[in-house]
Amino acid sequence: MQNPQLNQHGELQHLLTTEGLPKAVIHHILDTAASFVNIGNREVKKVPLMRGKSVFNLFFENSTRTRTTFEIASKRLSADVINLNISASSTSKGESLLDTIDNLAAMHADMFVVRHAQSGAPYLIARHLRETGQNHVHVVNAGDGRHAHPTQGLLDMYTIRHYKKDFSQLRVAIVGDILHSRVARSDIHALTTLGVPEVRAIGPRTLLPGGLEQMGVRVFTDMNEGLKDVDVIITLRLQNERMSGALLPSAQEFFKSYGLTPERLALAKPDAIVMHPGPMNRGVEIDSAVADGPQAVILPQVTFGIAVRMAVMSILAGTQTA
Amino acid sequence: MQNPQLNQHGELQHLLTTEGLPKAVIHHILDTAASFVNIGNREVKKVPLMRGKSVFNLFFENSTRTRTTFEIASKRLSADVINLNISASSTSKGESLLDTIDNLAAMHADMFVVRHAQSGAPYLIARHLRETGQNHVHVVNAGDGRHAHPTQGLLDMYTIRHYKKDFSQLRVAIVGDILHSRVARSDIHALTTLGVPEVRAIGPRTLLPGGLEQMGVRVFTDMNEGLKDVDVIITLRLQNERMSGALLPSAQEFFKSYGLTPERLALAKPDAIVMHPGPMNRGVEIDSAVADGPQAVILPQVTFGIAVRMAVMSILAGTQTA
Amino acid sequence: MQNPQLNQHGELQHLLTTEGLPKAVIHHILDTAASFVNIGNREVKKVPLMRGKSVFNLFFENSTRTRTTFEIASKRLSADVINLNISASSTSKGESLLDTIDNLAAMHADMFVVRHAQSGAPYLIARHLRETGQNHVHVVNAGDGRHAHPTQGLLDMYTIRHYKKDFSQLRVAIVGDILHSRVARSDIHALTTLGVPEVRAIGPRTLLPGGLEQMGVRVFTDMNEGLKDVDVIITLRLQNERMSGALLPSAQEFFKSYGLTPERLALAKPDAIVMHPGPMNRGVEIDSAVADGPQAVILPQVTFGIAVRMAVMSILAGTQTA
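Residues numbered from 1 in each chain as written. Chains lettered and ligands numbered in written order. Predicted model: local features only at pLDDT ≥ 70, side-chain atom pairs only at ≥ 80, totals over all residues.

Draft legend 1. Focus on the overall build of chain A. Each helix and strand counted, chain A has 12 helices and nine strands in total. Relative to the globule expectation of 20 Å for 322 residues, the C-alpha radius of gyration of chain A, 19 Å, shows essentially globular dimensions. Principal axes of the C-alpha set define a box for chain A whose edges measure 55 × 45 × 40 Å. Out of the 322 residues in chain A, the part that is buried amounts to 51%. In chain A, once contacts between residues fewer than 6 apart in sequence are set aside, the share between residues at least 24 apart is 80%. (Helix = DSSP H or I, 4+ residues; strand = E, 2+ residues; numbered from the N terminus. Rg over C-alpha atoms; globule rule 2.2 N^0.38 Å. Buried ≥ 20, exposed ≤ 12 C-beta atoms within 10 Å, placed from the backbone. Contact = placed C-beta atoms within 7 Å.)

Draft legend 2. Expanded view of the relation of the copies chain B and chain A. Mapping chain B onto chain A calls for a rotation angle of 120° and an axial translation of 0.0 Å; the resulting RMSD is 0.0 Å. Such values leave the two copies arranged in the relation of a three-fold axis. (Least-squares fit on C-alpha atoms with pLDDT ≥ 70 in both.)

Draft legend 3. A look at the sheet that holds strand β3 (residues 111-116) of chain C. All names here are of chain C. Pairing is parallel in the open sheet, where four strands are placed in the order β2-β1-β3-β4. The strands lining the two open edges of the sheet, one partner per strand, are β2 (80-85) and β4 (138-144). In this sheet, adjacent strand axes meet at a mean angle of 15° when their direction is disregarded. Pairing of β3 with β4, which is carried by five bridges, proceeds in the parallel orientation. Pairing of His116 across the sheet is with Asp144, part of β4. (Pairing = 2+ DSSP bridges. Axes fitted to C-alpha atoms, helices over the stretch in contact; angles between N-to-C directions.)

Draft legend 4. Expanded view of the nonpolar core. Core analysis: the biggest nonpolar cluster contains 302 residues, and Ile233 of chain A, Ile233 of chain B together with Ile233 of chain C have the highest contact counts within it. Sequence-distant contacts of Ile233 of chain A, defined by excluding residues within four places in its chain, comprise Ala173, Val175, Leu227, Leu260, Ala268, Ala272, Val274 and Met275 of chain A. (Core = buried A, V, L, I, M, F, W, Y, C linked by C-beta atoms within 7 Å.)

Draft legend 5. Main features of the interface of chain A and chain C. The interface of chain A with chain C comprises 18 residues on the first partner and 13 residues on the second. Broken down by secondary-structure element, the contributors of at least two residues to the side of chain A that touches chain C are α2 (64-76) and α12 (298-317) of chain A. Ranked by the residues each element gives to the side of chain A that touches chain C, the list is headed by α2 of chain A, at six residues. The residue makeup of the side of chain A that touches chain C, split by class, is seven nonpolar, six polar and five charged. (Nonpolar A, V, L, I, M, F, W, Y, C, P; charged D, E, K, R; others polar.)

Draft legend 6. Region of the structure containing the interface of chain B and chain A. Between chain B and chain A, the contact holds 18 residues from the first and 13 residues from the second. Secondary-structure elements contributing two or more residues to the side of chain B that touches chain A are α2 (64-76) and α12 (298-317) of chain B. With six residues, α2 of chain B is the single largest residue contributor to the side of chain B that touches chain A. Residues of the side of chain B that touches chain A, tallied by class, amount to seven nonpolar, six polar and five charged.

Draft legend 7. View of unusual backbone geometry. The amide bond that connects Gly278 of chain B to the next residue, Pro279 of chain B, takes the cis arrangement and shows omega of -15°. Note that Pro279 of chain B resides in the loop between β9 (273-275) and α11 (288-291). One non-glycine residue, His108 of chain A, lies in positive phi territory at about 65°. Here His108 of chain A is to be found in the loop between α3 (94-106) and β3 (111-116). For His108 of chain A, a count of 21 C-beta atoms within 10 Å translates into the label buried.

Draft legend 8. Quick look at the sheet that holds strand β1 (residues 54-59) of chain A. All names here are of chain A. The parallel open sheet is built from four strands, whose spatial order is β2-β1-β3-β4. Each end of this open sheet is capped by a strand with a single partner; those strands are β2 (80-85) and β4 (138-144). Ignoring strand direction, the axes of neighbouring strands in this sheet form an average angle of 15°. Of the strand pairs in this sheet, β1 and β3 are connected by five bridges, and their pairing is parallel. Across the sheet, residue Phe59 finds its bridge partner in β3, namely Arg115.

Draft legend 9. Quick peek at the environment of Leu170 of chain A. Residue and element names in this part refer to chain A. Looking at where Leu170 falls in the secondary structure, it is placed in the loop between α5 (150-164) and β5 (171-175). With 129 residues separating them in the primary sequence, Leu170 and Asn41 have C-alpha atoms 30 Å apart. Setting aside anything within four residues of it in sequence, one finds Leu170 in contact with Lys164, Val196, Asp231 and Val232.

Draft legend 10. Quick look at the environment of Ile202 of chain A. Residues and elements named next belong to chain A. Locating Ile202 in the fold gives a position in strand β6 (residues 198-202). Sequence separation of Ile202 and Leu238 is 36 residues, and the distance between their C-alpha atoms is 13 Å. Dropping the residues within four chain positions of it, Ile202 is found in contact with Ala173, Val175, Phe220, Met223, Gly226 and Tyr258.

Draft legend 11. Quick look at helix α5 (residues 150-164) of chain C. Residues and elements named next belong to chain C. The terminal C-alpha atoms of α5 lie 21 Å apart, and with 15 residues this matches the ideal 21 Å at 1.5 Å per residue to within 8%. Among the 15 residues of α5, 11 are classified as buried, and the element is accordingly described as predominantly covered. When α5 is considered as a whole, its buried residues turn out to be Pro150, Thr151, Gln152, Gly153, Leu154, Leu155, Asp156, Met157, Tyr158, Thr159 and Ile160. The elements touched by buried residues of α5 are α1 (23-37), β4, α6 (182-193), β8 (232-235), β9 (273-275) and α12 (298-317). Among the residues trailing α5, Lys165 stands out with phi positive, at a value near 65°. (Expected span 1.5 Å × (residues − 1).)

Draft legend 12. Highlighting α6 of chain C. Residues and elements named next belong to chain C. When the terminal C-alpha atoms of α6 are compared, their 17 Å separation across 12 residues agrees well with the 16 Å that a helix rising 1.5 Å per residue should span. Buried residues dominate α6, accounting for 10 of its 12 residues. Of all the positions in α6, only Arg182, Val183, Ala184, Arg185, Ser186, Asp187, Ile188, His189, Ala190 and Leu191 are classed as buried. Looking one or two places after α6, you find Gly195, whose phi comes out positive at around 90°.

Draft legend 13. Representation of the pairing of β5 of chain A within the structure. Residues and elements named next belong to chain A. A large share of β5 lies buried, amounting to five of its five residues. Side chains Arg171, Ala173 and Val175 of β5 all project onto a buried face; the interleaved residues Val172 and Ile174 project onto the opposite face, where all are buried too. Two strands pair when backbone bridges link them, and β5 and β6 are joined in this way by five bridges, in the parallel orientation. Along β6, the bridge assignment pairs Ala173 with Arg200. As a crossover connection, the stretch from β5 through helix α6 (residues 182-193) into β6 is right-handed. Pairing of β5 with strand β8 (residues 232-235) involves four bridges; the strand directions are parallel. Paired with Val175 across the bridge in β8 is Thr235. (Right-handed = clockwise from strand over helix to strand, strands pointing away.)

Draft legend 14. Local environment of the packing of helix α2 (residues 64-76) of chain C against α12 of chain C. Residue and element names in this part refer to chain C. Taken N-terminus to C-terminus, the directions of α2 and α12 make an angle of 60°; their axes are 9 Å apart at the nearest point. In terms of axis orientation, α2 runs oblique to α12. The two elements α2 and α12 cross, and the hand of that crossing is right-handed. Packed against α2, whose contacting residues are Thr69, Phe70, Ile72, Ala73, Ser74 and Arg76, the element α12 presents Gly305, Ile306, Arg309, Met310 and Met313 at the interface. Partitioning the contact of α2 with α12 into residue classes produces six nonpolar, three polar and two charged. (Parallel < 35°, antiparallel > 145°, perpendicular 65-115°, else oblique. Left-handed = near helix turned anticlockwise from the far one by under 90°.)

Draft legend 15. Spotlight on the pairing of β6 of chain A. All names here are of chain A. Along β6, four of the five residues are buried, which leaves the element largely enclosed by surrounding structure. Strand direction decides the pairing type here: β6 and strand β7 (residues 217-220), joined by four bridges, are parallel. Residue pairing across strands places Arg200 opposite Arg218, the latter belonging to β7.

In structure tokens form, the structure reads like this:
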């Protein structure tokens, strides 16, 4: 059974998930991103790598923030970008989704950046393109349901590599609502592939999914224990819709037990970095003193995120049509 | 009385309708489109024909699909595109519509691509531009009410010419809701001008407008009779809002009598092509076996549609200011 | 206390208001705009002054019209433009607004064009950028609450200079809802700085703010008296929401007392020009005979507006990072 992300030459055909993404492919993406990081500081922040290519941002679920990062990355690669906000209702049937895809492919699209509330939608699209021989179109998963958000996972890896150099000695803690987090899932797969010896998940029992131990993750429900001696802390956003739900007492309660405060941060290694995928709920999952403190690398994550998306897109655009 | 689409040199000043569009002008558009069809397959899908020109997509009626085709066509011609979704309510008075037009023209617009729920709106704009001497601005009708959708009509002609070469021996059947279809109207005018000897309209009596016979169209209410020995079948979309209305029993009833199934398609010539302007209602006006079958040219229509829109826009942009 | 718009070299770092903007800076903007006015008529309407720069249109308040002018100005300067319509609700807390700003700055933004319903929001952003050392990002106020709309003020100055050459001999009347008008405020500050000896405000007592006399403005509640012998009439838009409020009897009553009719226009100097920031309420603040008459310069204002915005943006983009 072939990896649906790779073509027959083992090259990246689509980016759907960090799960099963070969270590060499991840490092190739991060190395390519490194060459783009400084473009942002140049007078002219553009390279012509995707000139004349048509990138479609297909956002079946609204996300101004993520859409913006892909739009900027595309424009800095000189691609033409078309933004399509497609309400899920108008394409409720899978058949109709694939008709939309076929139509856009017939307009000679080169890339679909897909955000969808349903897990698996980007896979469905990638499989359909393969089955219909439309291999000139590449798919980038920009977040599907609770499943995966691979460019966020990769930018997190870029950030860790930037500050810590070597993955092989690290303790990384992911804190908060692991259950609903596609970011957590994408991070765990990438960290494991890159050889991080200890990945920890910290959160209340109601927000921890089953099966973490089988993925090699150490589970903690006590924040203080979990943070002890870690090198990297990835704080997750607590989704607003969870806060008033049955899974949690309240935002204040959550902060009391799992909010990252300066006192708790002091339990980690002195040079530990603090990450967050944004947007932050200050005073819920993270204290402002930490978010704006010297150990936070949250804004560099954003900067690296543009470079990582440029890397993924330019690598896909350069892949041979199988 | 001058044709409102042509300037005093007989050149295309606006594209408002296929009605009265001279045969030579239609062929010039199709020939120009042919030169663009292969651009979509090139590494760099852009030509600099409209570099620095400003195209405004004025969509008073929402249509993501049509807007996207014009946006892509504009970008492949290197134009700058501004998308304006203007709710009909904010410009309910004609006066205020023309103030909007004057304002955008004063920003040195080069082209307005206009979609409007009211028939005649693009004419009103074109007339106003002429009366106020603003001949540097060209209007493309992207669909007005039930009246016309000329770029769809022209891409249908391109598709027919591509597969059938010669218009002078053809039997073309248009099937479904002719009454509410601007596509049907635009196709009929173009087919007649191009010398198609037999144009047929097939549908239930409630969805057939009066006056078809006077336009030279043969009318059929029996699907099997109407399809006999035709070379081209143009299936129309059954608008959702009609399906539950008084004009029709139900979508299932419609499919039973007028849905294009493989059995019915077999009544046409063996090499007949099947067209549809999209988006399709599978199982209502067309069976999936036909939509995805070897005689369907529905996706090539989309590809040709980009080239035809590039042709129209580049011809208009090159028209001398009278 | 440093002027928040200027850097330590006295160069324009942000454009927040016309208040306190030095006369030399205003003339520099108008002179630069003059060099752009004719670009609109050229075959290729682009200059590469901002190639590769990223401009973010941050519209916390919806305004298609103003957003469009900045989008065109950016594209004619060859910048990459990202439009963000951010509903005020999602960023109700100032803290969260600044997190958004930090995120976009981390994407290597070069310019924020900010429209906000709250007076002072662009200042807040500019101050935050200075305090956090992010001096590579420039802010343009595209309208904040009732406070300021400096690019509209500057394009009004451009228009007056274009038609009247010299500011030092002029009588300028601003007519209508001065109380709620950021345009009036921006005009008054600029006119005063440029040395206009007589600025008049005309309107009903309920729509005249206090403190006009202290700003050097002559106040009139009688339209006929106020228009006498003026060189320039700036008619303001009567906001729809005021018309049915307690401040005014009705739109018809307003027109009877303060609508600019041909008869009233005859009271001004014979060569007086009539301006309006748009969109006009014909028959409320202005009669159509005047709006479309020979003394109206309302559409040239729009044309000059693009050039003035190009001037402001290109000057800011060329400012040295302090």
